[in-house]
Amino acid sequence: MTNVYFIRHAQSTANVNGYCYGISECDVTDFGKEQLERLSQRFKDIHIDIIYTSPMKRTLATAKAVNKYHGVPIVEEKGLIEINAGEWEMKRWEDLERMFPEEFETWKSRPHLWSSSGSETMAEVYIRMQKTVEDIVRANKNKTVVIVSHACVLSNYFCMAKGLPHDRLIEVKLMSNTGVSLVEYDDDLNLRIVYENDTRHLGDD
């Protein structure tokens, strides 16, 4: 059995300032740094063999926090990067609603159909995440793996993991900052979600 922990990055400056930011860089907030310290403590006594992370600053900081008491390899994996939001990148959500009303309504009510000029489609992200995760699992049979990534791509992954068709993506809730999920894979890549978006390290029930 291969155990895979999925973690969303800590709170970023774009999170708190209301920006859409896919492949754009931003820093972790002071509160995000507190989240990372709590995440470090959560994983202190959990055996892990390797960490895969999106190459963005916010995910790298999160991966290093998980690794604080372990010293295992951290592998930057481009396949785990957030969706490329195209012309929506680093625009405020309130401005996007005004500038692109039809696209914004699609984002809210039919996210599986959303795209903007120069962006990836949700379907492309869905396929990318499935392939990336399965490649990681094949390369780490019977190990414990941590994957650090982003809200949108993790929603697409868990849509697939729950056996839902992509047009039901809206039913998959966004993972919280530093939310932890655990998925088990057998040798045939059959998976079982053990738990999802657990934030007990932040003092949540």
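Up top is the structure these notes are about.
Nothing here was measured: the structure is a model prediction, and the numbers come from that model.

Visitor: Sorry if this is basic, but what is going on with the overall build of the chain here?
Guide: A tally of helices and strands in the chain yields seven helices and eight strands. Relative to a compact globule of 205 residues, whose C-alpha radius of gyration would be 17 Å, the chain shows 16 Å and is just as compact. With the C-alpha coordinates of the chain rotated into their principal frame, the extents come out at 50 × 40 × 30 Å. Summarising the internal contacts of the chain: among those between residues at least 6 apart in sequence, 69% fall at separations of at least 24. The averaged location of the 32 negative side-chain charges in the chain is 3 Å from the averaged location of its 25 positive side-chain charges.

Visitor: Mind showing me how you'd approach the nonpolar core here?
Guide: As a rule of thumb, soluble globular proteins bury nonpolar side chains together. Membership of the largest hydrophobic core comes to 37 residues, with the highest contact counts inside it found for Phe6, Ile147, Tyr157 and Tyr185. Going through the elements one at a time, β1 (2-8), β3 (50-53), α6 (122-139), β6 (144-149), α7 (151-161) and β7 (180-185) are the ones with two or more residues in this core. The dominant element in this core, judged by the number of residues it contributes, is α7, at eight residues. Residues contacting Ile147, with those up to four places away along its chain left out, are Val4, Tyr5, Phe6, Ile7, Tyr52, Leu80, Val133 and Ile136. In this structure, Ala10, Phe43, Ala65 and Val146 belong to the second largest nonpolar core, which totals 17 residues.

Visitor: Would you mind going over the environment of Gly179 with me for this structure?
Guide: Relative to the helices and strands, Gly179 resides in the loop between α7 and β7. Considering only alpha carbons, one finds Gly179 and Gln11, 168 residues apart in sequence, at a separation of 11 Å.

Visitor: I tried to follow the pairing of β7 on my own but got confused; where do I start?
Guide: Two faces, one strand: in a regular strand the side chains alternate between the faces of the sheet. Most of β7 sits out of view: six of its six residues are buried. Here β1 runs beside β7; their pairing, made up of six bridges, is antiparallel. Looking at β7, one finds that Phe6 is bridged to Ser181. Sheet topology places β7 next to strand β8 (residues 191-198); five bridges connect them, and they run antiparallel. Residue Val180 lies in a different strand from β8, and its bridge partner there is Asp198.

Visitor: Looking at this model, I keep getting lost on the pattern of salt bridges. Mind explaining?
Guide: Close approach of charged atoms allows side chains with opposite charge to pair. All chains considered together, the criterion is met by 14 salt bridges. The partner of Glu105 in a salt bridge is Lys108, with the nearest N and O atoms 4.0 Å apart. Taken together, the residues Glu105 and Lys108, both in helix α5 (residues 101-109) and three residues apart, mark about one turn of the helix. For Lys108, a relative accessible area of 45% translates into the label partly exposed.

Visitor: Would you take a moment to explain the packing of helix α2 (residues 30-43) against helix α3 (residues 57-66) for this structure?
Guide: When two helices pack together, their arrangement is given by the angle between their axes and by how far apart the axes lie. Across the interface, α2 lies against α3 with an axial gap of 8 Å and an inter-helix angle of 40°. Taken together, the axis directions place α2 and α3 in an arrangement best described as oblique. Of the two possible hands of crossing, α2 and α3 adopt the one that is right-handed. Residue-level contacts link Leu36, Leu39, Ser40 and Phe43 of α2 to Ala61, Thr62, Ala65 and Val66 of α3. Residue classes in the contact of α2 with α3 are distributed as six nonpolar, two polar and no charged.

About the cut-offs
- Along each chain, residues carry numbers from 1 onward, in the same order as the chain's sequence is written.
- Under the rules for a predicted model, residues below a pLDDT of 70 receive no local features and side-chain atom pairs below 80 are neither given nor counted, while totals for whole chains, interfaces and linings still include all residues.
- Think of the side-chain values as coming from all heavy atoms in the structure, minus any hydrogens and water.
- The helix and strand labels rest on DSSP assignments: H or I over at least four residues marks a helix, E over at least two residues marks a strand, and numbering proceeds from the N terminus.
- Atoms counted for the radius of gyration: C-alpha only. Globule rule: 2.2 Å times the number of residues to the power 0.38.
- In what follows, a contact means two residues having at least one pair of non-hydrogen atoms within 4.5 Å.
- Charged residues are defined narrowly, with Lys and Arg counted positive, Asp and Glu counted negative, and His plus the chain ends left uncounted.
- Think of each charge as sitting on NZ of Lys, CZ of Arg, CG of Asp or CD of Glu.
- For our purposes a nonpolar core is just a set of buried Ala, Val, Leu, Ile, Met, Phe, Trp, Tyr and Cys residues, chained together by side-chain atoms within 4.5 Å.
- When a residue's accessible area, from a 1.4 Å probe over protein chains only, is under 20% of the maximum for its type it is buried; when over 50% it is exposed; and in between it is partly exposed.
- Criterion used throughout: strands pair if DSSP finds at least two bridges between them.
- Salt bridge, as used here: a side-chain nitrogen of Lys or Arg that lies within 4 Å of a carboxyl oxygen of Asp or Glu.
- For helices, the axis comes from a line fit to the C-alpha atoms of the stretch in contact; other axes are also lines fit to C-alpha atoms, and the angle between any two N-to-C directions lies between 0 and 180 degrees.
- Angles below 35 degrees are treated as roughly parallel, those above 145 as roughly antiparallel, those between 65 and 115 as roughly perpendicular, and all remaining angles as oblique.
- What makes a crossing left-handed is the near helix being turned counterclockwise from the far one by less than a right angle; a clockwise turn instead makes it right-handed.
- Throughout this entry, Asp, Glu, Lys and Arg are counted as charged residues, while Ala, Val, Leu, Ile, Met, Phe, Trp, Tyr, Cys and Pro are counted as nonpolar. The remaining residues, Gly among them, count as polar.

Read these as layout, nothing more, since geometry by itself doesn't imply function.
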